[in-house]
Amino acid sequence: MSHRLRRLWQHPQYSLRVWLHRLLFWAGAVMVAVAAVSFEWLSSHGSALFKLALSWSPLLALIITPAGFVLVLWLTRRVFPGAQGSGIPQTIAATKLTHAEDRNAMLSLRIAVGKVALTTIGLCAGASIGREGPTVQVGAAIMHTLGRWVRIPIQGIERTLILAGGAAGVAAAFNTPLAGVVFAIEELSRSFEERTSGTVLTTVIIAGITAIALMGNYTYFGHTSATLDLAIAWKPVLICGIGGGVIGGAFTRVLLAFARGLPGLMGGAIKTHPYAFAGLCGLGVALLGLISGNSIYGTGYEEARSILEGTSTLPGGFGVLKMLASALSYISGIPGGIFAPSLSIGAGLGGSLAPYLPAVPLGALAILGMVGYFTGVVQAPITAVVIVMEMTDGQALTLPLLATAMLAFGASRLVNTQPMYRTLAQSFLAPEEKTPGQK
């Protein structure tokens, strides 16, 4: 018996290196979840602080928002360089970088802290941004840093840590474990290697369990009982799929144009006077806020929930106004994601179809709009469907959601052939590491 136990203990599966490998991912998953929950608490209080200021006078946004945009951009450039944008492109790029120094500069704890702080300040200023994209970079940074400290000599461990950290960030931020796995497959890696699948899956599950333990089991947009008869589903599916894909693709194309740098006098002026441009973008967001009755600020969670539940008092053009505010927030150069704002925009666009499709439940229109527009923006249809289903408890609409996502993906590709995050990630890669055909 002792001989058998010795042989079992000496099996590679039970080696010290393997157990260190597992403990590293398990501990990292818990840390990512705690960071995501803390980030959610900070961002929620940041948005609440801005709403408190608006309760005194909505006109205060004309001062707070432009000044806040300038402050955040200054801090980004001077104190936390590398923390700009959503954080997902940096995470994707880090999985392709071959030099440790480059990965460390992109996924350091300093950048993670800066990401959380700057996104929170942006929400304090009323920016139309989300925290989910930044949480992906924060999660990847935590896992990558743990890997540097432990230094387990396993081939490919660095890339697996980054993938697992980013996926765990999505799972904990949205409280959607399945979406975290799908996001890692579809967006972060574009592949699913068998030797890393179990590791990523376990990390996401632990992060999800930790987030639920800290915040409770909930869905961001509540529960919906909306169903859709397949006999009438084709109309909203076609409209939300094709329309959402075209609009989302056009939105992405605009953001990519500004990210590359506009030609001519306008592009030169933005490069020469970035802080003035950020202030103008903030002023534009404040003006949109006044027009919308203060509904376009922040992540858009509450607005999307109200549309889904049929209790909305939002203006008819909420979806368009929110999209403009999100575009201005992103091109200003301040950190922040587009996940949550895109879902809110999609809900607004879908909900605006209610007068023209009275036979279709409002909740179904909102969910189809979310999937259509979100797919058009990120061009990750399976991720879009899974995230929306998990966030709304909308499994009854699985087939219409899948059809909407596929149509939106095709329509978006006609408008914009380059996926947003993949294209932005190229700017962080050395020429020899870039995908063939990319410049």
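The preceding data block contains the structure.
Residues numbered from 1 in each chain as written. Predicted model: local features only at pLDDT ≥ 70, side-chain atom pairs only at ≥ 80, totals over all residues. Heavy atoms only, no water.

## Thoughts on the overall build of the protein chain
Step number 1: In terms of helices and strands, the protein chain carries 20 helices and 0 strands.
Step number 2: The buried share among the 439 residues of the protein chain stands at 56%.
Step number 3: Pairs at least 24 residues apart make up 81% of the contacts formed inside the protein chain by residues separated by at least 6 positions.
Step number 4: Summed over its atoms, the accessible surface of the protein chain is roughly 18,400 Å², and 67% of this surface lies on carbon and sulfur atoms. (Helix = DSSP H or I, 4+ residues; strand = E, 2+ residues; numbered from the N terminus. Buried < 20%, exposed > 50% of the residue type's maximum accessible area, 1.4 Å probe, protein only. Contact = heavy atoms within 4.5 Å. Areas by Shrake-Rupley, 256 points an atom, 1.4 Å probe, with all protein chains shown as cover.)

## Focus: the nonpolar core
Step number 1: One finds Ile-296, Tyr-297, Leu-401 and Met-420 to be the most contacted residues of the largest nonpolar core, which totals 103 residues.
Step number 2: Tallying contributions element by element places helix 17 (residues 362–378) first for this core, with 11 residues. (Core = buried A, V, L, I, M, F, W, Y, C linked by side-chain atoms within 4.5 Å.)

## Digging into a nonpolar patch on the surface
Step number 1: Judged by side-chain polarity, Leu-59, Leu-62, Ile-63, Leu-280, Leu-283, Leu-287 and Leu-290 come together as a nonpolar surface patch covering roughly 610 Å² of accessible area.
Step number 2: Of all the secondary-structure elements, those providing two or more residues to the nonpolar patch are helix 3 (61–78) and helix 13 (274–291).
Step number 3: You can call Leu-59 exposed: its relative accessible area is 52%. (Patch = residues over 30% accessible without salt bridge, like charges linked within 9 Å, V, L, I, M, F, W, Y side chains within 5 Å. Salt bridge = Lys/Arg side-chain N within 4 Å of Asp/Glu carboxyl O.)

## Some thoughts on the side chain of His-144
Step number 1: With respect to the helices, strands and loops of the structure, His-144 is situated in helix 7 (residues 132–150).
Step number 2: Side-chain polar atoms of His-144 contact the side chain of Asn-104, separated by 2.8 Å.
Step number 3: Every residue in contact with His-144, bar those within four places of it in the chain, is listed here: Arg-103, Asn-104, Leu-107 and Ile-162. (Polar contact = N/O pair within 3.5 Å; in protein donor to acceptor, adjacent residues only side chain to side chain.)

## Here's the deal with the packing of helix 14 (residues 301–309) against helix 16 (residues 339–351)
Step number 1: It is the contact of helix 14 with helix 16, at a shortest axis distance of 9 Å, that shows an interaxial angle of 30°. Compared by their axis directions, helix 14 and helix 16 come out roughly parallel. Between helix 14 and helix 16 the crossing geometry is left-handed. Contacts between helix 14 and helix 16 involve Tyr-301, Glu-303, Ala-304 and Ile-307 on the former and, on the latter, Ala-340, Ser-344, Ala-347, Gly-348 and Gly-351.
Step number 2: Looking at the contact of helix 14 with helix 16 residue by residue, the class counts come to 5 nonpolar, 3 polar and 1 charged. (Axes fitted to C-alpha atoms, helices over the stretch in contact; angles between N-to-C directions. Parallel < 35°, antiparallel > 145°, perpendicular 65-115°, else oblique. Left-handed = near helix turned anticlockwise from the far one by under 90°. Nonpolar A, V, L, I, M, F, W, Y, C, P; charged D, E, K, R; others polar.)

## Structural notes on the pattern of salt bridges
Step number 1: This model, assessed by the stated rule, comprises 2 salt bridges.
Step number 2: Of the charged contacts in the structure, one is a salt bridge between Lys-51 and Glu-302, with a shortest N-O distance of 2.9 Å. Linking Lys-51 in helix 2 (residues 16–56) with Glu-302 in helix 14, this pair joins segments that are 251 residues apart in sequence.
Step number 3: In this structure, the salt-bridge partner of Glu-309 is Arg-305, at a minimum N-O distance of 3.4 Å. With Glu-309 and Arg-305 both in helix 14 and 4 residues apart, this pair spans about one turn of that helix.

## Some points on the packing of aromatic side chains
Step number 1: Considering all chains together, one arrives at 5 aromatic pairs under this definition.
Step number 2: Ring geometry for Phe-50 against Tyr-297: centres 4.7 Å apart, planes inclined by 70°, an arrangement best described as edge-to-face. Here the residue Phe-50 occupies a position in helix 2, and Tyr-297 occupies one in the loop between helix 13 and helix 14, the gap between them amounting to 247 residues. Pair check on accessibility: Phe-50 and Tyr-297 agree, each one buried.
Step number 3: Ring pairs connect the aromatic residues Phe-339, Phe-374 and Tyr-421, which therefore count as one cluster. (Phe/Tyr/Trp six-rings, centres within 6.5 Å; stacked < 30°, edge-to-face > 60°.)

## Thoughts on helix 17
Step number 1: In a regular helix each residue adds 1.5 Å, so 17 residues correspond to 24 Å; helix 17 covers 24 Å between its end C-alpha atoms and thus fits that length.
Step number 2: For helix 17, a buried count of 16 out of 17 residues is recorded, marking the element as mostly surrounded by other parts of the structure.
Step number 3: Where helix 17 ends, the next residue or the one after it, Gln-379, has phi of about 55°, a positive value. (Expected span 1.5 Å × (residues − 1).)

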